[in-house]
Amino acid sequence: MLISSMIMLPVCLLAQARLSMIGSVLDKNKRPVSAATVNLLQAKDSVLSKVALTGEDGTFQLENIKPGTYRLSVTAVGFAGYLSDSMVITAANPVIRIPAIEIAQAEASQLNAVTVTARKPFVERKIDRTVVNVDALISNAGTNALEVLDKSPGILVDQDGNISMNGKPGVVIFIDDKPTYLSGAELAAYLKSLPSGTLETIEIMTRPPARYDAAGNAGVINIKTKKLKQKGFNGNISPGYTQGVYPKSNNSLNLNFRNNAFNYYLNMGYNYNEGFNDLDIERRYVNDDGTPHSLFSQNSWIRRNSSSGSLRTGVDYTIDKFNSIGLMLSGSKTGNRGTVNNKSYLYNGQGALDSLITADNVDNRDYSRGSATLNFRHKFKQTGRELSADLDYIYNESHADQYYRNASYKADQTVKGRDDLSGIIPSYINIYSFKSDYTQPLAGGVKAEAGIKGSLIETNNIATYNVIINNVTYPDYDKTNHFTYRENINAGYVNFSKDWKRVSLQAGLRAENTIMRGHQLGNAQKPDSSFKRDYVNLFPTFYMSYKLDSASVNQFILSYGKRIQRPNFGNLNPFISPLDKFTFYVGNPFLQPTIAHSVELSHVYKNKITTSLSYEYYDGDINETIELQGHQYYSRPANVGTAEYLSLSVNASFEPASWVTVNWFGLAQYVTFKANLYNNKLDTSGYNVITNFNSQFRLGKGWTAEVLGLFRGDIITTQFVLGDFWTLGGGISKKILKGKGTIKLTLNDLFYTRLNYGLINNLKNAKGRYYNQGDTRLLGINFTWNFGKTFETRKRSNGSAESETQRI
């Protein structure tokens, strides 16, 4: 199948010629200037389109340029700035060779006089992804990766750290093109450990190309971290402090030393966070005739504090102009401390108090993560031909220490009973991964890509629970368990792309073989159990863009992708994990993977307004479900049947004035869910609406300001209706220290309206609702300082190798 696809796909491809620009930068003595920054700016508004660094021979190349009107700016330390006249680029000439650019040495009085500013847009649209520039948003300063995602178009993060994209769960997170292999609380803890100051861009892919893993129904979010490109020693430091009801702090340090063939880098982050949740839960029970049976009402006051540190360091070595190798080491450690004061009231059908239960709970969790990556890249003499390989090892470890102290009382406050529950839950994960990618230009301008990947995940999860009654400790065999899991995925893919004057096509096919083994070791009362599954899936992807005019004012993009959502290994563990005395989480060893099909048609106007119509169909959708047993709720993942999403979205950027930029995202969606759930028929449908905006104001003299807002209507998903909310925030920034420093003041959720509440439906003779208020109104201050010295080095005999000195 793969071989036949490689043969047939190029025959099916149409295309559009790629535009590129080649040039050189010289000083007045005609000597090459290396490490100069060359920016291709849109002539109208100076928005950055492309950027390149000159090599040691002074040459540069800008690729994949769209037709339009541009200006070139050149900056280099020790030289006066250069800004060209406007130039019109058309598709008639696919390779533009411009005359050598000569720049003069800067006089002492001129070193700070010439400033050419290339302003990156907040959002950029490409054929297969949307790119968000993190630093383009003032309010991202002093935050972490999870908060940055929450401000990106179409992405929402709930108060538990769960991430959804365009109203859909099932998002897979990558860091620098590598999957995190994390979900739930562990993923949230890891993303909170990454300060925003270490992040470069967010790549949002609802239908990722074939080189990416097929996992993730809603798509892939690829977080790109910063890596400074200037020669010499450079860095930046960014401390930040935020005050809500409780204090928070995010701090980062980025260092880079680049000289000749070596590049060393280090990113460090430290995060401290105190917060709270005020959670109310209400569950109403009725008899078969609809009359009231009982009422359960619970309030939980939750206090949490966490601290985390992250480190990422590595070295890249350019062996010669064709070969480079790199080593990266990273790690993070997070400690969460939580206390819960809980009161639960039980009322009879007449509304009279029947009993009261109090609980004082302690939940402490620690997460550690370490990884090592070895990568290699070889560029062949033929332009565009390249081979790369990556070898990764990741280790995750978590420890939870839980203690639940419960007391129950009659209506007259006399004690009915007391019991304590303690739990120790360690978890260990080892991940091994290898992948290799190959790129080959073919005849007729076709670009072919192929690759392989193999990954092995081994987990070891232990839970030991004890009940203490009257100072006597008993093992709790309903909750004590030992679960091991092993997953091996082997994959291969091919991908072809080609451009014509107005048509661009990309098509790919990925094959994945999954081998899963799970073993529940049991205990003195529970028998052993195990499961195994082996399956092979094919995942096609297709993208086509058509430009209605040569200047790309209007273009259409059609895309299709097939994805898979495999169950998380924690979801397959069948044992019970308590959240409190009345709410439990239970795994499901019978879960099957979800298969999703997605098609989208988009119209792009001047690369500023993108309107998209999409349809997605999920077969065997994995979602949270609630089963009711008496007054106890059991949350369990299940294949709920089918889910369908019909969506219309608009992502726009426009400038009502030369000093104002507005970015707006809107989504309207019709959803349906159909399933047979715990012997009840589930047939739910409704409308979801999400919209957010940010407005940026350039006030002059280094001052900028920002206002941003978000509205989410009711979200319907299986048994749940998530309530609507809106929020408004903003920020202001000022450049200082001759442009090397920036100070930013931010305000989030000004009116304290980000309330998390909702309904739980499709329960037999019962309904539930919840209200959850967190520490969301935040005032923050952040300072960023860029420092370092850039210098030129002696010319090497191996020619222009600067572009190779990048992490693979």
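This report concerns the structure included in the present document. Owing to the predicted nature of the structure, the values given are computational and were not obtained by experimental measurement. (Residues numbered from 1 in each chain as written. Predicted model: local features only at pLDDT ≥ 70, side-chain atom pairs only at ≥ 80, totals over all residues. Heavy atoms only, no water.)

**Considering the overall build of the chain**
Moving on, step 1. Helix and strand counts for the chain stand at three helices and 48 strands.
Moving on, step 2. Relative to the globule expectation of 28 Å for 808 residues, the C-alpha radius of gyration of the chain, 28 Å, shows essentially globular dimensions.
Moving on, step 3. The buried share among the 808 residues of the chain stands at 53%.
Moving on, step 4. For the chain, the proportion of contacts with a sequence separation of at least 24, taken over those separated by at least 6, is 67%. (Helix = DSSP H or I, 4+ residues; strand = E, 2+ residues; numbered from the N terminus. Rg over C-alpha atoms; globule rule 2.2 N^0.38 Å. Buried < 20%, exposed > 50% of the residue type's maximum accessible area, 1.4 Å probe, protein only. Contact = heavy atoms within 4.5 Å.)

**A few points about the pattern of salt bridges**
Moving on, step 1. Under the counting rule described, the total for this entry stands at 28 salt bridges.
Moving on, step 2. Taking the shortest distance from any N to any O, the salt bridge between R769 and E282 comes out at 3.8 Å. Of this pair, R769 sits in strand β47 (residues 766-774) while E282 sits in strand β20 (residues 262-286), and the two are 487 residues apart along the sequence.
Moving on, step 3. Residue R365 is joined to D363 by a salt bridge in which the shortest nitrogen-to-oxygen separation is 3.0 Å.
Moving on, step 4. The class for R365 is partly exposed, based on a relative accessible area of 29%.
Moving on, step 5. The class of D363 is partly exposed, set by a relative accessible area of 24%.
Moving on, step 6. Counted as one network, the salt bridges with shared partners bring together D213, K453, R510, E512 and R566. (Salt bridge = Lys/Arg side-chain N within 4 Å of Asp/Glu carboxyl O.)

**A closer look at the side chain of D549**
Moving on, step 1. Mapped onto the elements, D549 comes out in the loop between β30 (529-547) and β31 (554-565).
Moving on, step 2. Among buried Asp, Glu, Lys and Arg side chains, D549 stands out as unpaired, with R502 the closest opposite charge at 6.7 Å.
Moving on, step 3. Within the structure, D549 has its side chain in polar contact with the backbone nitrogen of N554 (distance 3.2 Å).
Moving on, step 4. Leaving out residues up to four positions away in the same chain, D549 has contacts with R502 and N554. (Lys, Arg positive; Asp, Glu negative; His and termini not counted. Polar contact = N/O pair within 3.5 Å; in protein donor to acceptor, adjacent residues only side chain to side chain.)

**Section: unusual backbone geometry**
Moving on, step 1. Unlike most non-glycine residues, D749 shows phi in positive territory, near 50°.
Moving on, step 2. If you trace the backbone, D749 turns up in the loop between β45 (741-748) and β46 (756-763).
Moving on, step 3. The phi dihedral of N765 falls on the positive side, at around 55°, and the residue is not glycine.
Moving on, step 4. Within the fold, N765 resides in the loop between β46 and β47.

**A closer look at the pairing of strand β35 (residues 609-619)**
Moving on, step 1. The alternating pattern of β35 places T610, S612, S614, E616 and Y618 on a buried face and I609, T611, L613, Y615, Y617 and D619 on a face that is not buried.
Moving on, step 2. Bridging between strand β34 (residues 594-605) and β35 involves eleven bridges; their strand directions are antiparallel. Note on β35: the bridge partner recorded for V604 is T610.
Moving on, step 3. Turn length for the β34-β35 hairpin, with the two strands adjacent in sequence and antiparallel, is three residues, and the turn residue K606 shows positive phi of about 50°.
Moving on, step 4. Sheet topology note: the β35/strand β38 (residues 642-657) ladder contains eleven bridges and is antiparallel. Each residue of the ladder has a partner; that of Y615, found in β38, is L646. (Pairing = 2+ DSSP bridges.)

**Looking at the nonpolar core**
Moving on, step 1. The biggest cluster of nonpolar side chains holds 29 residues, and the ones touching the most others in it are L149, I163, I173, L191, I202, I221 and I223.
Moving on, step 2. Setting aside residues no more than four positions away along its own chain, I221 makes contact with L149, I155, I163, M165, V171, V172, I173, F174, I202 and E203.
Moving on, step 3. Judged by nonpolar contacts, the second largest core, of 21 residues, contains L72, A76, I96 and I101. (Core = buried A, V, L, I, M, F, W, Y, C linked by side-chain atoms within 4.5 Å.)

**Quick word on the packing of aromatic side chains**
Moving on, step 1. This model, assessed by the stated rule, comprises 21 aromatic pairs.
Moving on, step 2. Between the aromatic rings of F380 and Y438, the centroid separation amounts to 6.2 Å while the plane-to-plane angle is 85°, which identifies the pairing as edge-to-face. In this pair, F380 is assigned in the loop between β23 (353-379) and β24 (386-410) and Y438 in strand β25 (residues 415-441), connecting sequence segments 58 residues apart.
Moving on, step 3. On the basis of relative accessibility, which here comes to 23%, the residue F380 falls in the partly exposed class.
Moving on, step 4. The class for Y438 is partly exposed, based on a relative accessible area of 25%.
Moving on, step 5. Taking the centre distance of 5.2 Å and the plane angle of 40° together, the rings of Y393 and Y432 count as tilted. Of the two residues, Y393 is situated in strand β24 and Y432 in strand β25; the sequence distance between them amounts to 39 residues.
Moving on, step 6. For Y393, a relative accessible area of 32% translates into the label partly exposed.
Moving on, step 7. Residue class for Y432 comes out partly exposed when judged on its relative accessible area of 37%.
Moving on, step 8. Connected via pairs of aromatic rings, a cluster forms that spans F257, F262, Y264 and Y317.
Moving on, step 9. Cation over ring: R283 sits above Y633, and NZ or CZ is 3.7 Å from the ring centre. (Phe/Tyr/Trp six-rings, centres within 6.5 Å; stacked < 30°, edge-to-face > 60°. Lys NZ or Arg CZ within 6 Å of the ring centre and 35° of its normal.)

**Structural notes on the sheet that holds strand β37 (residues 632-639)**
Moving on, step 1. An order of β32-β33-β37-β36 is seen for the four strands of this open sheet, with the pairing classed as mixed. The open sheet has two edge strands, β32 (576-580) and β36 (622-629), and neither has a second partner. On average, adjacent strands in this sheet sit at an angle of 30° to one another, irrespective of strand direction.
Moving on, step 2. Relative to strand β33 (residues 583-586), β32 runs antiparallel, the two sharing four bridges. Directly across from S577, in β33, lies its bridge partner Y585. (Axes fitted to C-alpha atoms, helices over the stretch in contact; angles between N-to-C directions.)

**Focus on the environment of D390**
Moving on, step 1. Turning to its location among the elements, D390 is positioned in strand β24.
Moving on, step 2. Remark: the alpha-carbon pair of D390 and N623, spanning 233 residues in sequence, is separated by 33 Å.

**Quick word on the environment of T242**
Moving on, step 1. Tracing the chain through its elements places T242 in strand β18 (residues 232-243).
Moving on, step 2. Residue T242 is classed as buried on the basis of its relative accessible area, which comes to 14%.
Moving on, step 3. It is 8.5 Å that separates the C-alpha atoms of T242 and N782, two residues lying 540 residues apart in sequence.

**A few points about the pairing of strand β28 (residues 481-499)**
Moving on, step 1. A large share of β28 lies buried, amounting to 14 of its 19 residues.
Moving on, step 2. Across 17 bridges, strand β26 (residues 447-469) lies against β28 in antiparallel orientation. Paired with S455 across the strands is I489, a residue of β28.
Moving on, step 3. Pairing of β28 with strand β29 (residues 503-520), which is carried by 17 bridges, proceeds in the antiparallel orientation.

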